[in-house]
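Close look at the chain arrangement
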Amino acid sequence: MNFGKKGLKLASVLMGTMLMGGVLAGCGSQADSNEIKVGANFEMTGNVANYGAATLDGLKLAIDEINDAGGVDGKKITLVTADNKSEASEAVNAATKLISDDKVSVLVGPAVTANVIAESQVATDNKVPIIAPDATSPDVTVENGKVKPFVFRSCFIDPQQGTVMAKFASENLKAKTAVIYVDNSTDYSKSLGKVFKEKFEAAGGKVLMEEAFLAKDQDFKATLTKLKTANADVIFVPAYYEEVGKIVKQARELGITCPILGTDGWDDSKVTDIAGADALNNTYFSTHYSDKDESVKPFVEAFKNKYGHMPNVFAALGYDAGKMLADAIKRAGSGDPEKIQKALEETKDLKVGTGTITMDKNHNPIKQAVILQNKDGDRVMVAKIMPDSED
């Protein structure tokens, strides 16, 4: 999942440059310490606090399990948290504090793409690795065709979701035509719409119409009425839960009955609260795991025991990031950031909460996606799809 990054790269570079004098002296080895400090830079307040808080809960669970089992080579992992307030500039400030003042070996977070990209310059200049649990834009780990050496992630990327949903529409739903409705205020939504169109039409389908809305829009009926005239087999809406819930509800009120498809931005229980269970019938979305998958039951039960409720996808990805982090520290044999960076690059066949991770050359994990169907207020897993190597 990600938020748009327009204009943030320059802000990151400028702020990183201004703050660099205080940062460079702060980063150092923790080889002589009985703890290894990990910085958690998350959206704990602000407009995407739900994402940051849930991811942090999953990360904390993984760290607690590791420490309860004796830590890593006898050293405890200490989590130092910082609130970036759901703002890119604050993500830079938080990363700077964690590196310079708290002397962390690794940064985990933020949750959304724009905030990860904003902090990446500071972290890279100081050779402190980042693990991004939730940020799905390819730009998080690759810039101008070059891999960012210190930035990694524990989630799959947007092109995989667009490819998976196009394949599902063509092969599973036998769709021949589609319309696409994207959030024009986020790169996340626009890039997913682009990939879906490319893959769907490559499979022989036809995209009949493309329309857009903006985050925080409330009334979608005029555009939905236009989309209805296309009489397409499916509607693809790669967006976040608040707008998705309203779009699905209003689409059904207009008599649109075809399948509506989405991506991991749908993966929040508030979609049902907003749209209603009946309206969500005959909708499908790609995401990172299903809590009904037997292979993830150990994580789900551990999370429920700790927090008293079911984990959402952000919690699961935070947990994956924690497991990935501990594995890298163990193989690095120390809290040295550059050794951890090298170990992260070499991650292979690692069992985490949602499956298995192998890091590819672009610092993206090779891992499966699942497709869930909303059905009578419940979610049913209808497919598990591993990406082709080219994805």
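Residues numbered from 1 in each chain as written. Predicted model: local features only at pLDDT ≥ 70, side-chain atom pairs only at ≥ 80, totals over all residues. Heavy atoms only, no water.

**Some words on helix α11 (residues 297–307)**
Taken together, the buried positions of α11 are Phe299, Val300, Ala302 and Phe303. The arc enclosing the buried residues of α11, seen along the axis, measures out at 165°, which places them on a common side. With respect to the buried face of α11, the exposed residues turned more than 90 degrees away are Pro298 and Asn305. Those residues of α11 hidden inside the fold are in contact with α2 (49–68) and α12 (313–332). Looking one or two residues beyond α11, the residue adopting positive phi is glycine 308, at roughly 80°. (Buried < 20%, exposed > 50% of the residue type's maximum accessible area, 1.4 Å probe, protein only. Helix = DSSP H or I, 4+ residues; strand = E, 2+ residues; numbered from the N terminus. Arc of directions from axis to C-beta. Contact = heavy atoms within 4.5 Å.)

**Points about the environment of serine 295**
For serine 295, the location among the structural elements is in the loop between β12 (283–287) and α11. Sequence-wise, serine 295 and aspartate 183 are 112 residues apart; in three dimensions their C-alpha atoms are separated by 34 Å.

**Quick word on the packing of aromatic side chains**
A full pass over the atoms with the stated rule returns 15 aromatic pairs. Here tyrosine 181 and phenylalanine 220 contribute two aromatic rings whose centre-to-centre distance is 6.4 Å and whose plane-to-plane angle is 85°, an arrangement assigned as edge-to-face. In this pair, tyrosine 181 sits in strand β8 (residues 177–183) while phenylalanine 220 sits in the loop between β9 (206–213) and α7 (221–228), placing the two residues 39 residues apart along the sequence. Ring centres of tyrosine 188 and tyrosine 240 lie 4.9 Å apart, and the angle between their planes is 15°; this geometry places the pair in the stacked category. (Phe/Tyr/Trp six-rings, centres within 6.5 Å; stacked < 30°, edge-to-face > 60°.)

**Overview of the UniProt feature "domain: Leucine-binding protein" (unreviewed entry) in the protein**
Residues annotated by UniProt as "domain: Leucine-binding protein" (unreviewed entry) correspond here to residues 35–375. For residues 35–375, the helix share is 43%, the strand share is 21%, and the end-to-end C-alpha distance is 47 Å. (UniProt positions renumbered as here; feature names shortened; annotations may be inferred.)

**A few points about the sheet that holds strand β4 (residues 130–132)**
An order of β2-β1-β3-β4-β7 is seen for the five strands of this open sheet, with the pairing classed as parallel. The open sheet has two edge strands, β2 (76–83) and β7 (151–153), and neither has a second partner. Recorded for the sheet is a direction-independent mean angle of 25° between the axes of neighbouring strands. Where strand β1 (residues 35–42) lies against β2, eight bridges are found, and the strand directions are parallel. Residue pairing across strands places glycine 39 opposite valine 80, the latter belonging to β2. In the packing of helix α4 (residues 113–125) onto the sheet, contacts are made with β1, β3 (106–108), β4 and β7, and the angle to β4 comes to roughly 165°. (Pairing = 2+ DSSP bridges. Axes fitted to C-alpha atoms, helices over the stretch in contact; angles between N-to-C directions.)

**Some details on the domain arrangement of the protein**
Domain assignment breaks the protein into domain 1 (35–156 + 293–360) and domain 2 (158–287 + 370–385). Just the C-alpha atoms count here: the centres of domain 1 and domain 2 sit 29 Å apart. Listed per partner, the contact involves eight residues of domain 1 and 13 residues of domain 2. Surface buried jointly by domain 1 and domain 2 totals about 1,100 Å² across both partners, of which 51% is contributed by carbon and sulfur atoms. Inspection of the region where domain 1 meets domain 2 yields one salt bridge. (Domains from an automatic or database assignment. Buried area = accessible area lost by both parts, 1.4 Å probe. Salt bridge = Lys/Arg side-chain N within 4 Å of Asp/Glu carboxyl O.)

**Details of α4**
The terminal C-alpha atoms of α4, which comprises 13 residues, lie 19 Å apart, in line with the 18 Å expected from a rise of 1.5 Å per residue. Taking the largest bend as the criterion, α4 deviates by roughly 35°, centred on glutamate 119. With ten of 13 residues buried, α4 lies mostly within the body of the structure. Three or more residues of α4 are buried, namely Thr113, Ala114, Asn115, Val116, Ile117, Ala118, Glu119, Ser120, Val122 and Ala123. Two residues or fewer after α4 comes lysine 127, characterised by a positive phi angle close to 55°. (Expected span 1.5 Å × (residues − 1). Bend = angle between axes of the 7 residues up to and from the residue.)

**Structural notes on the side chain of serine 286**
Secondary-structure assignment places serine 286 in strand β12. A distance of 2.9 Å separates polar atoms of two side chains, one belonging to serine 286 and the other to glutamine 161. (Polar contact = N/O pair within 3.5 Å; in protein donor to acceptor, adjacent residues only side chain to side chain.)

**Concerning the pairing of β8**
The buried fraction of β8 is high, at seven of seven residues. Here β8 shows two buried faces, one formed by Thr177, Val179, Tyr181 and Asp183 and the other by Ala178, Ile180 and Val182. As defined by bridge partners, β8 adjoins β9 across seven bridges and the pair is classed as parallel. Looking at β9, one finds that alanine 178 is bridged to valine 207. As defined by bridge partners, β8 adjoins strand β10 (residues 234–236) across three bridges and the pair is classed as parallel. Note that in β10 the partner of alanine 178 across the bridge is valine 234.

**Some points on the pairing of strand β14 (residues 355–359)**
Of all five residues in β14, four are buried; the element is thus mostly enclosed. Examined bridge by bridge, strand β13 (residues 350–352) and β14 share three bridges and lie antiparallel to one another. In the sheet register, leucine 350 faces β14, and the bridge partner there is isoleucine 357. Between the end of β13 and the start of β14, which pair antiparallel, lie two residues.

**Examining unusual backbone geometry**
Going from glycine 109 to proline 110, the amide bond is cis rather than trans, its omega being 0°. Note that proline 110 resides in the loop between β3 and α4. In this model, lysine 103 sits at a positive phi of 55°, which is unusual for a non-glycine residue. Looking at where lysine 103 falls in the secondary structure, it is placed in the loop between α3 (88–100) and β3. Although it is not a glycine, asparagine 282 sits at a positive phi angle of roughly 65°.

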